[in-house]
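Fold and contact review
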Amino acid sequence: MKIKEIKARWLKPFPLDQLQRISEYAKLESNLFDLRGVSMERNSIRNIDLVGVDFSYSSFSSMAKLKLENCFLNKFKLEDTLYEVNVTNTVFVNGKIECDFIDCNIVNSIFNNVNFAKSSIIARNKFINCKFINCSFKRLNGQKAIFDNCIFVNNEVNDWTTFYEASFIKCDLQEQNFENAIMDKVNFNGCYLRPEGGV
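Cut-off values and rules
- Residues numbered from 1 in each chain as written.
- Predicted model: local features only at pLDDT ≥ 70, side-chain atom pairs only at ≥ 80, totals over all residues.
- Heavy atoms only, no water.
- Pairing = 2+ DSSP bridges.
- Helix = DSSP H or I, 4+ residues; strand = E, 2+ residues; numbered from the N terminus.
- Axes fitted to C-alpha atoms, helices over the stretch in contact; angles between N-to-C directions.
- Buried < 20%, exposed > 50% of the residue type's maximum accessible area, 1.4 Å probe, protein only.
- Salt bridge = Lys/Arg side-chain N within 4 Å of Asp/Glu carboxyl O.
- pLDDT = per-residue confidence, 0-100.
- Phe/Tyr/Trp six-rings, centres within 6.5 Å; stacked < 30°, edge-to-face > 60°.
- Lys NZ or Arg CZ within 6 Å of the ring centre and 35° of its normal.
- Contact = heavy atoms within 4.5 Å.
- Disulfide = S-S within 2.5 Å.

This paragraph deals with the sheet that holds strand β6 (residues 67-69). Strand pairing in a sheet takes place through backbone hydrogen bonds and is either antiparallel or parallel in direction. In space, the eight strands of this open sheet follow the order β3-β6-β9-β12-β14-β16-β18-β20, with parallel pairing throughout. The open sheet terminates on both sides in strands that have one partner only, identified here as β3 (49-51) and β20 (187-189). On average, each strand axis in the sheet is inclined to that of its neighbour by 5°, with strand direction left out of account. Pairing of β3 with β6 involves three bridges; the strand directions are parallel. Its bridge partner being in β6, Asp 49 is matched across the sheet by Lys 67.

Most of strand β5 (residues 59-64) sits out of view: six of its six residues are buried. Bridge analysis of β5 against strand β8 (residues 77-83) gives five bridges, and the strand direction is parallel. Note that in β8 the partner of Ser 62 across the bridge is Thr 81.

What follows concerns the pattern of salt bridges. A complete count under the given rule lists 10 salt bridges for this structure. Residue Arg 36 is joined to Asp 34 by a salt bridge in which the shortest nitrogen-to-oxygen separation is 2.8 Å. Under the relative-accessibility criterion, Arg 36 is labelled buried at 16%. The partner of Glu 156 in a salt bridge is Lys 138, and the shortest N-O contact between them spans 3.2 Å. Remark: Lys 138 occurs in the loop between β15 (131-133) and β16 (146-148) and Glu 156 occurs in the loop between β17 (151-153) and β18 (167-169); sequence separation between them is 18 residues. For Glu 156, a relative accessible area of 41% translates into the label partly exposed. Lys 138 gets classed as partly exposed once you look at its relative accessible area, which sits at 33%. Each of Arg 9, Asp 34 and Arg 36 takes part in salt bridges that share partners, so that together they form one network.

Counting all residues, the mean pLDDT for the chain is 90, and 97% of those residues have values of 70 or more. The weakest mean pLDDT in the chain belongs to helix α2 (residues 16-19) at 78; the strongest belongs to β15 at 98.

The final tally for this structure, using the stated rule, is 26 aromatic pairs. The interplanar angle of 55° and the centroid separation of 6.2 Å between the aromatic rings of Phe 116 and Phe 132 together place this pair among those described as tilted. Here Phe 132 lies in strand β15 and Phe 116 lies in the loop between β13 (110-112) and β14 (126-128), a separation of 16 residues in the sequence. Per residue, the accessibility class of Phe 116 equals that of Phe 132, and both read buried. A cation sits over an aromatic face here: Lys 27 above Phe 33, 4.7 Å from the ring centre. Above the ring of Trp 160, the side-chain terminus of Arg 139 is found at 4.5 Å from the ring centroid.

As for its placement among the helices and strands, Asp 148 is situated in strand β16. Owing to a relative accessible area of 28%, Asp 148 belongs among the partly exposed residues under this scheme. Along the backbone, Asp 148 and Asn 189 are 41 residues apart, and their C-alpha atoms lie at a distance of 9.4 Å. Residues contacting Asp 148, with those up to four places away along its chain left out, are Phe 127, Ile 128, Asn 129, Ile 169 and Cys 171.

Turning our attention to the state of the cysteines. Linking two cysteines covalently via their sulfur atoms produces the bond known as a disulfide. Taken as a whole and judged by the stated rule, the model has zero disulfides. With no disulfide partner, Cys 150 has as its closest neighbouring cysteine sulfur the one in Cys 130, 4.8 Å distant. Assessed through its relative accessible area of 1%, Cys 150 is described here as buried.

A few words on the side chain of Arg 36. Structurally, Arg 36 is set in the loop between β1 (33-34) and β2 (39-46). Excluding anything up to four places from it in sequence, Arg 36 contacts Ile 6, Arg 9, Trp 10, Leu 28, Asp 54, Phe 55, Ser 56, Tyr 57 and Ser 58.

Below is the structure:
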């Protein structure tokens, strides 16, 4: 099925009440419920558990007090705000995240080739056992964010990237260069650093 056909299946914007009935949707070969291509750009998704869903080619404006578990997002877009969102065992690929993270917990998840440009993941956000691979952290504000047992591989940073007072706990940073990022007062605890001894 082509991307245009995938997106044409849904009303725009996608009705919030239909998210409560995920089990009614067909499953893909991946055994995930097929909600590829939904557009939630005008709605705030709140107070719901989204488990085992393929949200590829979808766009979202705001999420609050919800859970994403065992989901897959390819060529997606997240904007505005993620507030008290708990993410577990979810894969984000080839997408864009331009939003503020507030009191979020992201666990056992993978971000591969994701653009975090203009995102803010400041204070009280935790990433635990996550992988960040070939992502763009340009203009990312990671002030006071906590990364616990995470792996960073070849993510792009620039002099607008800030991790001021962030904490990296038992992270693998051997394949990550933070040379141009703002790293003032960063806490590195038990991390594996680049062979030359720096970040």
